[in-house]
Every structure is written in structure tokens, then in C-alpha cells.
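Per-entry structural report
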Amino acid sequence: MGYDIKSVINNVVVNNPGQPEFHQAVKEVLESIAPVMDRHPEFAKAKILERITEPDRVITFRVPWVDDKGEVQVNRGMRVQFNNAIGPYKGGLRFHPTVYLSIIKFLGFEQIFKNALTTLPMGGAKGGSNFDPKGKSDNEVMRFCQSFMRELFRHIGPDTDVPAGDIGVGGREIGFLQGYYKKLANNNGAVLTGKALEWGGSLIRPEATGYGATYFAQEMLMTRGEDIKGKICTVSGSGNVAQYTVEKVNLLGGKVVTLSDSNGTIYDKDGISEEKLAWVMELKNVRRGRIKEYADKFKAEYREGKRPWSVKCDCAFPSATQNEVEEKDAKELLKNGCYVVSEGANMPSTPEAVDLFLEKKILYGPGKAANAGGVATSGLEMSQNSMRLSWSREEVDSRLHEIMKNIHKACIEAAQEYGQPGNYVMGANIAGFTKVAKAMLDHGIV
Ligand code: GLU
């Protein structure tokens, strides 16, 4: 008894030097599925763990483009097609200066299990570039996207791999990418999700990740006979996920008091109302300004260089980026009475922070479960594209809500089955992994 998970993890670390984020994501998943391996010797025999930690394919490519001054710029593009056991590769593209292979591999690895949890048939992938859209003109972003797609187009397809957005990739970038794909491939296939409504997008896709993370928090609260109504919430970030988390929390009667960006945090004791949120959306999505302006505009407090985690709250929604909740932040949150953490971002809590949340038995919803609403709604966009029709807002929202409830239920049941009731980390990893592992077994050694 006792499958040797440690040596599998050790091999991943040795064989992938210089990729700490990828190691972190692998450790987090593998450590919690040890009891599944003990119960399923057939997984060990088929070397499922050794295979699942090795991507099917890693594509990296040069992305040359010309800036507005006529100077040549060179970035690196990549796509990691991690696992397609349960469906075509699916996952976003991240454009951010911090992107390198380790980040894309951790995200692609997480995506395998997240997508499995959505109940829809999607494999796991991720891509992106170290390109920084901040401060670039629309024309520069277009030329970059076109150069990026010039290589990517040959690797993707509606039944092969369907990218979408992530940090730095929103509606504008998806538009440029789809436009150039269509030109190169002479094919109008739905190779991206997050499209605009007029050319194949789905209602509720922009809202989906934030709405989903809020539905997940609501489901967790309901296990204690409570709900979001009247709860003080902190949200980090101020992009797509953060914005629609604020919107949904408001709709459910909660109060959001923070938003942030890489420069600092705004703390608005009165709450970020619908009107203030509309202003934030204009600031961030149209003017592409900094969140500090909010403090000046609405006379709120601005905490330069700080994250929101020292603000007193009941529920926290980390919605910015990986490792944004460190051990000291987790301590601060717990000290101030926070007892719900629903992750809109991918892997925002460090392993030390996660350990604290689990030890204190708060309602902790890890990203791969709590933020799965985004990719789930991408899956719904793919379904609508295949049927060549579009569903109403109500239809998509109710499907999203149902999916989040089902993900929550799957986590609860898996955690219960393996003797760790209330542990959403184990629940999410076990439920996601078991589905993919069974599919891999069915497909033989490929
Ligand atoms: N980037 C999002 C995620 O982390 C969405 C991916 C998608 O819609 O394919 O899940």
C-alpha cells in the first residue's frame, strides 16, 4: 500500500528545471490524489501520473512585429497542449510580461482538471506571450496579434484546440486573433471563445468567471445555512474577473469594498455600487487607466503598493493572479474574521496560505473549481457555435449556475468519499483527476 507520489513529484522537478510555478501546481494536485492512486492500482500500472504531468505538446515560436515608431519588436509565443483525453484542448491565452514556460505549463496543467470539473468535454491547454499590452496602441496590439496567429493558426481548430482569453487577452485581442485566423485559414470556424456577439460569441461569457466564483461562494455558504447577502467582500484585481464578481456580489446583496491593480488597492467602505462599477469598467476596459483614479474620483482610501488582504471582510475573492495570497496575507485574512475564500484567479494562494485555510477549516474554494465558470461558458459558446444558434442570457446564465452547483456537489462528494469532508482542494483534485484518468485508461497507451 502507498503509491510513491513523492518520487513522481521529484521526477517532475528534476525533469523540468527552472519551472517553480509548474512544480507548485503539480505538487498541489498530486499530493491530494494519493488516496485515489491507492484505491486504483490500474492507474499506477498505466503510469497515469507520469503521463499526465508531461504535456502532449509544447509549441514555442517567435513573434516579430513592428511598433508605431517603425521599430522591430520580438516576443515569444507559446501554446502548451497538455491533455486531450476528454475533449479538444481548451484554455486561454495570457499576454503579460511575466509569461514564460513555467507559467503557461502551470496554467495548462490546472486547466486539465478544471475543464474536467465543468462536466463538458474539454481537454486542457494554455498559451500566451511575454508581450505587454499595457501602453500599446490598438494598432500595435493588432499587429502583435496577427503575428502571433501567423504561427498559432496551424496548431488550432474547432475540434483540435480552442484558445480564449486570460490576463491581457480580452474582447479586443480575441477580435484581432479571430480576424487573422479567418484570413489565413480561409475558414470561419470557431477556433476561439470569448468572441463578440455579432460573430459567434455567447451572452454571459464576459460575466462568467466572476459570476461563477460568486455562485461558488454562495454554494459554499449554503452548506452552513448562510448566503452572500449582507457579507463584506474583498476582491483583488480590477479586470474582467474582478468586475463581474463585484456585479454578482452586489446582485446577491453583498458589499464589495476593495479592488486593486499592480500599483495598489482602493478601499471603499461604502461599497462599490453599480454606478461606481460602471465607472471602473470604463476606466479599465476603455481608457485602460489605473485603479488609483477611483480613490480620487470617489474619495476612497488608496493603499499604494498594498493588496486588499488586510481589510476586514467575511469573504475574499482573489481575482488578480498567481501567488497573490501569501502566508502573511492568509494570516491577516483569518485574523480579521474572513471565512470564505473563492478564487477567481488561477492558483492565487501559495501552498502555505492554502495549508492555513485548510487547517482553520474555512470555506476555501480553489481556483480550479471556483473559477471554472469562465471556461464552462466557453464550452457553452462552443456548443452554440456547433449548433449555429445562440441562447438567451437567461438560458446561458442558468446553465452556468447549474454547472457551478454541480462542480460544488462533485467536490463535496469526492471529499466525503475520501474521508475529508469540507476539503474542496481534495474534492476538486480528486473529482477532476479521476475523470481524466479513466479516460486515459480507456484510450490505451497514447
Ligand atoms: N482563461 C480562463 C481560465 O483560466 C478561460 C479559458 C477558456 O475560456 O478557455 O479558465
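You'll find the structure just up there.
Described in the following lines is the structure provided in the data block. (Residues numbered from 1 in each chain as written. Predicted model: local features only at pLDDT ≥ 70, side-chain atom pairs only at ≥ 80, totals over all residues. Heavy atoms only, no water.)

**A few points about the pairing of strand 5 (residues 161-164)**
So the rule is basically this: Classification of residues uses two cut-offs on accessible area relative to the type maximum, computed with a 1.4 Å probe and protein chains only: under 20% is buried, over 50% is exposed, and between them is partly exposed. Working definition: helices are DSSP H or I runs of at least four residues, strands are E runs of at least two. Numbering for both runs from the N terminus. In this analysis, strands are considered paired if DSSP registers two or more bridges between them.
What you see with strand 5 is no split at all: Asp161 and Pro163 on one side and Val162 and Ala164 on the other are buried throughout. Direction of pairing for strand 3 (residues 89-95) relative to strand 5: parallel, over a ladder of 4 bridges. Residue glycine 91 lies in a different strand from strand 5, and its bridge partner there is proline 163.

**Overview of the site of the ligand**
The condition that has to hold: A cutoff of 4 Å decides nearness: a residue is near a molecule or strand if any of its heavy atoms lies inside that distance of it. Polar contact is the term for a pair of N or O atoms within 3.5 Å; when the atoms are in protein, one must be able to donate a hydrogen and the other to accept it, and sequence-neighboring residues count only if both atoms are side-chain atoms. Calculation of accessible area relied on Shrake-Rupley with a 1.4 Å probe; when residues are assessed, cover is drawn exclusively from the protein chains displayed. In the scheme used here, Gly and all other residues not listed as nonpolar or charged are polar, with Ala, Val, Leu, Ile, Met, Phe, Trp, Tyr, Cys and Pro taken as nonpolar and Asp, Glu, Lys and Arg as charged.
By nearness alone, 13 residues border the ligand, and Lys90, Lys114, Gly165, Asp166 and Ser378 come closest of all. At a separation of 2.5 Å, an oxygen atom of the ligand approaches a polar side-chain atom of serine 378. Burial of the ligand by the protein amounts to 94% of the accessible area it has alone, namely 300 Å². For the shell around the ligand, the elements supplying multiple residues, two or more each, are strand 3, helix 6 (101-117) and helix 16 (372-387). In terms of residue count, the dominant contributor to the shell around the ligand is strand 3 (3 residues). Classifying every residue of the shell around the ligand by side-chain character gives 2 nonpolar, 6 polar and 5 charged.

**A word on the packing of helix 9 (residues 208-222) against helix 10 (residues 240-251)**
Which entries qualify depends on this criterion: Each axis is a line fitted through C-alpha atoms, and for a helix only the stretch in contact is used; angles between axes span 0 to 180 degrees, taken between their N-to-C directions. Note on angle classes: values under 35 degrees are labelled roughly parallel, values over 145 roughly antiparallel, values of 65 to 115 roughly perpendicular, and the remainder oblique. In this scheme the crossing of two helices becomes right-handed for a clockwise turn of the near helix relative to the far one and left-handed for an anticlockwise turn of less than a right angle. Between two residues, a contact is recorded if the distance between any of their heavy atoms is within 4.5 Å.
The geometry of helix 9 relative to helix 10 is characterised by a closest axis approach of 7 Å and an angle of 45° between their N-to-C directions. Put simply, helix 9 runs oblique to helix 10. As for the relative orientation of helix 9 and helix 10, their crossing is right-handed in sense. Here helix 9 contributes Thr209, Gly210, Tyr211, Thr214 and Tyr215 to the contact with helix 10, which in turn contributes Val241, Tyr244, Thr245, Glu247, Lys248, Val249 and Leu251. When the residues that make up the contact of helix 9 with helix 10 are grouped by side-chain class, the tally is 6 nonpolar, 4 polar and 2 charged.

**Structural notes on unusual backbone geometry**
Positive phi, close to 55°, is recorded for lysine 47, a residue that is not glycine. Counting through the fold element by element, lysine 47 comes out in the loop between helix 4 (41-45) and helix 5 (48-52). With a phi close to 50°, methionine 347 is a non-glycine residue in the positive phi region. For methionine 347, the position within the fold is in the loop between strand 12 (340-342) and helix 14 (351-359).

**Some remarks on the sheet that holds strand 12**
Taken in spatial order, the 5 strands of this open sheet run 7-6-11-12-13, and their pairing is parallel. Each end of this open sheet is capped by a strand with a single partner; those strands are strand 7 (255-256) and strand 13 (363-365). Of the strand pairs in this sheet, strand 6 (residues 232-235) and strand 11 (residues 315-317) are connected by 3 bridges, and their pairing is parallel. By the bridge assignment, valine 235 is partnered in strand 11 with phenylalanine 317.

So far we have only geometry, and geometry alone does not tell us how the molecule works.
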